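# Structure assessment
Each chain, written out:
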Amino acid sequence: MADFVVRYKGGLRCRVAHPDNGAVLVMDASRELGGRGEHFSPSDLLSVSLGGCVLSIMAMAGRVAGLELAGATATVTKEMGHAPRRIAGMSVTVRVPGAFDGTQRRRLEAAAKACPVHAVLGIDAPITIIWED
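None of these values were measured; they are calculated from a predicted model.

About the criteria used
Residues numbered from 1 in each chain as written. Predicted model: local features only at pLDDT ≥ 70, side-chain atom pairs only at ≥ 80, totals over all residues. Heavy atoms only, no water. Helix = DSSP H or I, 4+ residues; strand = E, 2+ residues; numbered from the N terminus. Buried < 20%, exposed > 50% of the residue type's maximum accessible area, 1.4 Å probe, protein only. Contact = heavy atoms within 4.5 Å. Pairing = 2+ DSSP bridges. pLDDT = per-residue confidence, 0-100. Disulfide = S-S within 2.5 Å.

## With respect to the side chain of Ser41
Among the secondary structure elements, Ser41 is positioned in the loop between strand S3 (24-28) and helix H1 (42-64). Ser41 sits in the buried class, given a relative accessible area of 8%. Apart from residues no more than four positions distant in its own chain, Ser41 is found in contact with Asp28 and Lys78.

## As for the pairing of S3
Pairing analysis gives 5 bridges linking strand S2 (residues 13-17) to S3, with the strands arranged antiparallel. When the bridges of S3 are listed, Arg15 appears paired with Val26. Between S2 and S3, which follow one another and run antiparallel, lie 6 residues, and Gly22 among them has a positive phi close to 80 degrees.

## Notes on the environment of Thr77
The topology assignment puts Thr77 in strand S4 (residues 73-81). Here Thr77 is in contact with Gly89, Met90 and Ser91, once residues within four sequence places are set aside.

## Comments concerning the confidence of the model for the protein
Taken residue by residue, the protein gives an average pLDDT of 88. The fraction at 70 or more is 90%. Of all helices and strands in the protein, the one with the weakest mean pLDDT is helix H3 (residues 116-121) (84), whereas S3 scores best (97).

## A short note on the state of the cysteines
Applying the stated criterion across every chain, the model contains 1 disulfide. The disulfide that involves Cys53 links it to Cys115, with 2.4 Å between the sulfurs. Here the S-S torsion is close to 125 degrees, and the disulfide linking Cys53 with Cys115 is therefore right-handed. Separated by 62 residues along the polypeptide, Cys53 in helix H1 and Cys115 in the loop between helix H2 (102-113) and H3 bring together distant segments of the chain.

Written out as structure tokens, the structure reads:
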């Protein structure tokens, strides 16, 4: 299990460095919410995570079946709700170049639905918030 330490930098901006490889990610609130909007917002990143997860899991299933998915895309559409502000819905449009028979397509579709990000978004997953002094 990885612990990600997200640091608030002020100006509605947060930064996190990956604990294993040092990769840095910066998040901004959108301009409409008073942020700079220079980087992905946290809800944008959730959408991006869903698309990347779907493609990665499909590629793993494809590799086992001898299918190459290079060039595949996942277009994630995020719908925001208000009162309370939240992600009200997301849809993922997957495009995979090449021709696949029915069995191959079902395998890839099942893999997409098995993405762990998709799974947690589809259930009432517990999220614990612990306050430390």
